[in-house]
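One-letter residues, chain by chain:
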Amino acid sequence: MEGLRSKCRIVALVVLFVWVAFLGLYELLKPVPNGCIMTYMYPTYIPIPAPANVSSNKYGLFLYHEGWKTIDFTDHLKKIDGIPVLFIPGNGGSYKQVSPCRHSCQCIEYSAPHSLILLALKSPILYILDQYRESQEALSKEGAEISGGLPSSVILVGHSMGGFVARAATVHPNLQSSAVATIITLSSPHQSPPIALQPSLGHYFSQVNEKWRKGYEPQTNNGGQIISNPKLSHVVIVSVAGGIYDYQIRSKLASLEGIVPSTNGFTIGSSGMKNVWLSMEHQCILWCNQLVVQVSHALLSFVNSGTGKKYPSVAQRILVLTKMLQSEIPRSLNWPRFVKPSVPSRMFPLEDVGHATGSFHLITQKIILNKVTDTGLAEPSVQDRYSCLPSFNWNEDDLEKDLYIESSTVTVLAMDGKRRWLDIKKLAIDGIASHSLLKLGSNGRGHFMFVTNLAPCSGVRLHLWHEKTKKVSANELPVSRRVIEVTTKMVHIPAGPAPRQIEPGSQTEQAPPSSFLQLSPEELHGFRFLTISVAPRLTVSGRPPPAASMAVGQFFNPKEGEREFSVATLLHSSYVQEEILLKEDHPLAVNLSFSLSLGILPATLSLKTIGCGIKTAAEQTPEEQSKFCKLRCFPPVAFAWDPQSGLHIIPNLYSETIIVDSSPAMFDSSSETGKTIVLLLMDPHCSYSMGLSVSLPSAASRFCLSYFSQITGFMIAAVFFALNRQARAWELDTSVPSILSAIESNLRIPLPFFFCAVLPVFISFPVILLTRTQLPPIANYISVSILCYLVANGAIMILIFSSLLVLYTVAAVHVYIRKSWMAWEDSFVLFRQILRFTSFFCSMKIVQVLKNNASLVVAFAAIPLIYFIHPALGLLVFLLSHAFNCHAALCSFLTASLRSHAQRKEHSDSRTYHKPSIQSPERANDGFDPLLPLDESYSPTTSKSFSDSQLEYFNYQLSILILHLLALLMFLPSLIAWFQRIRLGQSFPWLIDSILCTGVILHGLFGSRPDVNSISVPIQWTRRSEAGLSLAYLLAGYFTFINALFSAPYKALYAMAAIGTLCCIVKIIDRRNRSRNKRRHSHKH
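Residues numbered from 1 in each chain as written. Predicted model: local features only at pLDDT ≥ 70, side-chain atom pairs only at ≥ 80, totals over all residues. Heavy atoms only, no water.

The name an unreviewed UniProt entry assigns to the protein is GPI inositol-deacylase, from the organism Zingiber officinale. The UniProt entry for the protein carries the following comment under Sequence similarities (unreviewed entry): "Belongs to the GPI inositol-deacylase family." Checking UniProt for the protein, the heading Function (unreviewed entry) contains the comment "Involved in inositol deacylation of GPI-anchored proteins which plays important roles in the quality control and ER-associated degradation of GPI-anchored proteins." (UniProt positions renumbered as here; feature names shortened; annotations may be inferred.)

Structure, rendered in structure tokens:
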């Protein structure tokens, strides 16, 4: 019965892994939707001579010039001016990918052909600044007029690994602190490497991030007194993430959280970037025209139009980047954990901002809508803060007449030139009736939402009134009676495709909204009326009128539109769709809250219009009714907010899979990052049927992307736990299980599974508290960690089955050929001569020495490759040696099994035919003896048969083979990158990688023989007097498991190297003790 359960557990884990891998690959290999516009350019790349101390085949600088005319390179280099911008491509990238900053007309772009080469140059950025100095000196000698001074810093724009290299160069010890002041990274990893498998790269990331953290801390003396400002206090950095379609660099890796304070930088996703609103692939972010234009405008905005220089103030640069890149949507909706930029008034006066830029009028107005005081008086500055510019002033005669709205919902279906009055006190019921601001909106409809496709200021304007007056602009009125305009508080949103209109009046759908406004009870408090003024339609002779105008406003209670979905509901929806009915007069804003992030359980949301407030004929079909309602109701819009990846907007939502680029349930997650908020803007005149279901293919793909590092580390931990069980069996002199049986035994419930899968998760909690202030969501963290461990066990089982299939096939073929060869030996003379020559060659002394020390020979061949070529090549050589040992043991086992089977069969036949059982020596030699080794040193005990000993040795050796195969695979991405850079010249591998691989080889040399496990080390203060390698494997498994939880699977190599060093030391001590004992024994005799 237990055997059946074991097989069921193995099959279940294999099916789980295959199911997750198949669905994940199916989803990841699907074509990615792309809404980007191609960027076209007419480049000319002017090569700049490299410094004398740098090889030209490793490093190069190019000056970008836009245009198709032929220019003189030398003359052009003498006229360098403006602000330098250095573009750094990613790994395997090209300087010709410079398009993200090519529109910066007054900037100079340099490009480096390879990002990692930048670190080899001591001062590349200073070299660029020297080019400006030499250019000005040459112009001054020619008598040319020089305007402006020399630039003091270079703007760095990096893509992928180029962004990280830009940060690494900024903290380079040979670089002046003022040489870099602004960095923009595009889809660059900052928290850790994209694939955290190489120890040197992970260590280097940690080192650079630590320097950046300390760079923003003030330097103090031993007494705690501040002696200097932070070294990086002048550096501003913005990280742009590609979003859900960037499978290489996820938003979590591109985040600057914990590295850069919010006063000096922020992270923004391309899907939430102003005027972009798109998620894009890793390479697409370089040529997507929407993003290229926005980044280029941000770079141009750094230039002060008065002085022609960059803004030196950190606050001014942050304000420029905030204005040009960030959207006001999250702040307008008061979403949690929104990283707010520093308020300008806290850093410098607003007058200074306007004076410094000349174009910050709108951004300084959009900081906050000042509240009306308890006395009913508004601050004088509130009147102008959200007012339209004077060029949009309307004449009051343009408004035909006033309309008074009696319902809580107001609708505009045309540009009719009318002003609509809404009585706040009457329509908002008791939502804002209380004088206490703490109780505003607690019961009634105290919030106001307004969506429209009309352009703010030119198409529609909104005002708040204390009382009804005739004039909108009445500066002569007292403060308590002034009218407050809130038009520019409207937030722009991306509109879906506008309905086609072939001829006037032929429109078949309502226009999608392009902006919205939300007013809270605190902002409405103290006002009596809200007016919505719509401009009259402009008529142009000979042209059809524009698409139908649309505006809908509503006083609503947010609690009426709240829907919360638990984890159980989401899991249930994966096979049974959740249905929600929204009747007419529902809240305009429907807030969906998901207890588990849609980054791990993406949900498909479908909306179907089932009514629009107008009675239809009974014979009307649902399709006709839906078509009619589309003309009545505006298309729904969805805003998905994730604190980690930011904003995702889905216009014209009818059926869409909502995915956010987050990695919840990890060690650095908080309670907020584990949730997702989806806000739906739907026409309250229509009723909807909303369906929600979890998309399993999308969930599998996000699971593989988010937890690849954890699964990789858990695979190594599972092998360590299996080696622990095998080593313990050797120590207790019992039968050594196969690696497959050992892994299955560790999954048995309750104790083995608890100690191998659950206990390490609980051990990680104290470690998390030592590095962070709070624990992650415990239930989600434990559940996802255990699920990753189960998937990792399924993956390692697939790897074991594949290895067994290959090894058994090769061994069976080998045994068959050897047996056939001996049968042909007596028949063919040529075979006897070849065999005689082979025996003579093998009997040579040098061959015997190499054969007896095969492991050392392989080690001497692998170590030079590790230290001088690449660690993966050395591990590959040593792995082939492991495979040969496994093959030899398996061949011996199969041969012994065949001989035993043949003897049993012959004995059975002799008993059947009553033949004597005594055989001659010639008869006993059945052809299998030459296939077997002469010694049986591999047998740990003499009580076991030869075949059993060979099988146990094979099982143990296979576990070591699988472990070292995983170590080799961890260096595979680095090896591919090494082959890509082979044309640029070679350099020595990182020393830490070489040292760790040497430890892995020591483990293979001294830890792959079963007799090592009989050597133990005494332990005091414990009941056990000694502990063998089983304890070392157990500790290594826990160490690897915990580091996998922390997204650092490369630290598993530390455990392998430590065990290899331990085995080497124990082996040396054992040999020394044996030699001493022999000397003492010979002395006594």
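From this point on, the discussion continues.
(A) Inspection of the overall build of the protein at higher detail. Scanning the protein for helices and strands turns up 32 helices and 31 strands. Residues classed as buried in the protein amount to 51% of the 1085 residues present. Across the protein, every contact between residues at least 6 apart in sequence was considered, and the portion connecting residues at least 24 apart equals 77%. Accessible surface, the protein as shown: approximately 51,500 Å² in total, 59% of it carbon and sulfur. (Helix = DSSP H or I, 4+ residues; strand = E, 2+ residues; numbered from the N terminus. Buried < 20%, exposed > 50% of the residue type's maximum accessible area, 1.4 Å probe, protein only. Contact = heavy atoms within 4.5 Å. Areas by Shrake-Rupley, 256 points an atom, 1.4 Å probe, with all protein chains shown as cover.)

(B) Representation of unusual backbone geometry in the model. Note that the residue after I749, namely P750, is joined by a cis bond; omega there is 10 degrees. Checked against the element boundaries, P750 lands in the loop between α20 (739-746) and α21 (751-771). Backbone geometry at N652 places phi at a positive 50 degrees, although glycine is not the residue there. The residue N652 is located in the loop between β26 (646-650) and β27 (655-658) in this model.

(C) Here's a closer look at the UniProt feature "transmembrane region" (unreviewed entry) in the protein. Under the present numbering, the feature "transmembrane region" (unreviewed entry) in UniProt falls on residues 12-29, 705-723, 751-770, 790-817, 856-880, 953-976, 1027-1046 and 1052-1070. Between the C-alpha atoms that bound residues 12-29 there is a distance of 26 Å. The span itself is 94% helix and 0% strand. Measuring from the first to the last C-alpha atom of residues 953-976 gives 34 Å, for a span that is 96% helix and 0% strand.

(D) Local environment of the state of the cysteines. Within the structure shown, the criterion is met by three disulfides. With a sulfur-sulfur separation of 2.2 Å, C36 is cross-linked through a disulfide to C288. Between C36 and C288, the S-S dihedral sits near -90 degrees, and the bridge is therefore left-handed. You can see C36 sitting in the loop between α1 (2-28) and β1 (43-48) and its partner C288 sitting in the loop between β10 (265-269) and α7 (289-301), a full 252 residues away along the chain. With its sulfur 1.2 Å from that of its partner, C633 forms a disulfide with C686. Here C686 lies in the loop between β28 (676-681) and β29 (687-694) and C633 lies in the loop between α17 (622-632) and β25 (637-642), a separation of 53 residues in the sequence. For the pair C633 and C686, a shared accessibility class is recorded, and that class is buried. (Disulfide = S-S within 2.5 Å.)

(E) Quick peek at the sheet that holds strand β21 (residues 562-565). The five strands are arranged β21-β23-β28-β25-β26 in an open sheet whose pairing can be described as mixed. The open sheet has two free edges, formed respectively by β21 and β26, since each of these has just one partner strand. In this sheet, adjacent strand axes meet at a mean angle of 20 degrees when their direction is disregarded. Of the strand pairs in this sheet, strand β23 (residues 589-594) and β28 are connected by six bridges, and their pairing is antiparallel. (Pairing = 2+ DSSP bridges. Axes fitted to C-alpha atoms, helices over the stretch in contact; angles between N-to-C directions.)

(F) Summary view of the sheet that holds β29. Judged by pairing direction, the sheet is antiparallel, and its four strands sit side by side in the order β22-β29-β24-β27 without closing on themselves. The open sheet has two free edges, formed respectively by β22 (578-582) and β27, since each of these has just one partner strand. Neighbour to neighbour, the strand axes of the sheet diverge by 20 degrees on average, direction disregarded. Note: β22 against β29, five bridges, orientation antiparallel. Across the sheet, residue E578 finds its bridge partner in β29, namely L692.

(G) Region of interest: the pairing of strand β5 (residues 154-159). Counting buried positions along β5 gives six out of six residues, so the element sits mostly inside the fold. Relative to β5, strand β3 (residues 83-88) runs parallel, the two sharing four bridges. If you follow F87 over to β5, its bridge partner there is V157. The pairing of β5 with strand β6 (residues 180-186) spans six bridges and is classified as parallel. Each bridged residue has a counterpart across the sheet, and for V157 the counterpart in β6 is I184. Chirality of the crossover, the property in question, places the unit of β5, helix α4 (residues 161-170) and β6 among those that are right-handed. (Right-handed = clockwise from strand over helix to strand, strands pointing away.)

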